[in-house]
Every structure is written in C-alpha cells, then in structure tokens.
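# Summary of the model geometry
These are the residues of each chain, in order.
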Amino acid sequence: MVSKQSGAALAAAVGAAVLLGAGSAQAATAPGEAPAGPATLAKTDVGQALNGTTTGLGYGVAPIKSLRLDPWAKSSADFLNNGAALQPDQGLPAVGTGTLTGPLSNGGGVKDLPLVGGLSGVLPG
C-alpha cells in the first residue's frame, strides 16, 4: 500500500520530469539553424485592458450588491425585525430604527440600504 505522502511526492517528481524534459526539447535547435533572438512582448492596448478589467470587475461586484445581508430575513428569528422608536417632546416626528433595519429585514442587500444603496450605483455591474 502506498501512503498519500509518497504518492504525492511521486506525482510531483513525474510532473517535474515531464516539464524539464519538455523544456530541453524546445531549447534544442536544428543543426545549421541560428538560435532565435530574445523574446519581445507585444504592445499592450490600454483601452482593451481597461475594458476587460471593468467588465470582469462588473461580473465580480454585481452579486455582492444584491447579496442578502441578513441571513434570518423574513423569519421568526430575525433580530433586525424588532425596531425601537422614540417619540420626542415638542410635537416632533417619531425617530426609529425601522428606517435603517427595514430593508435588511425584508431580505435586501447593499443596494437597498438608505445611504449606501445610492453609492453602490457607482460600482460596475
């Protein structure tokens, strides 16, 4: 029976031998052929690089903006569903926590929060 550690070491040794063998085969040149010069990189198109970056970032950020932040939303165990309100004197309107916790308690994400939701529109996706 072969242990897992020796099996992994054997696989690593075989992989290294394959890589080293392939590298030496590519380095050989045909007789009478001049060796190739140094490799050069192609010029980077900045517009395409930025377009690819923002597209990829959009796909990565879009699910985060709609991710449900309260795992217990719309359940009996939701502690954000219990709000507190304060009625000040002098006839001022009541102030409560429902304005902030309501979107989360309803299963909303970052885009549904009162202040942060508007700012999340700046992110791509």
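Refer to the preceding data block for the structure.
I will try to describe carefully the structure that is included in this document.

Reading the values: rules and limits
- Residues numbered from 1 in each chain as written.
- Predicted model: local features only at pLDDT ≥ 70, side-chain atom pairs only at ≥ 80, totals over all residues.
- Heavy atoms only, no water.
- Buried < 20%, exposed > 50% of the residue type's maximum accessible area, 1.4 Å probe, protein only.
- Helix = DSSP H or I, 4+ residues; strand = E, 2+ residues; numbered from the N terminus.
- Salt bridge = Lys/Arg side-chain N within 4 Å of Asp/Glu carboxyl O.
- Expected span 1.5 Å × (residues − 1).
- Bend = angle between axes of the 7 residues up to and from the residue.
- Contact = heavy atoms within 4.5 Å.

## Section: helix 3 (residues 98-105)
- Among the residues of helix 3, those classed as buried are T101, G102, L104 and S105.
- Just downstream of helix 3 lies G107, where phi reads positive at about 90 degrees.

## A word on the pattern of salt bridges
- With the rule as written, the count across this model stands at 1 salt bridge.
- Here D112 ties to K111 by a salt bridge, and the two come within 3.6 Å at their closest N and O atoms.

## Considering helix 2 (residues 46-65)
- The terminal C-alpha atoms of helix 2 lie 28 Å apart, and with 20 residues this matches the ideal 28 Å at 1.5 Å per residue to within 8%.
- The largest bend along helix 2 reaches roughly 25 degrees and is located at Y59, with the proline P63 sitting one to four residues downstream.
- Its buried side turned inward, helix 2 meets helix 4 (116-120).

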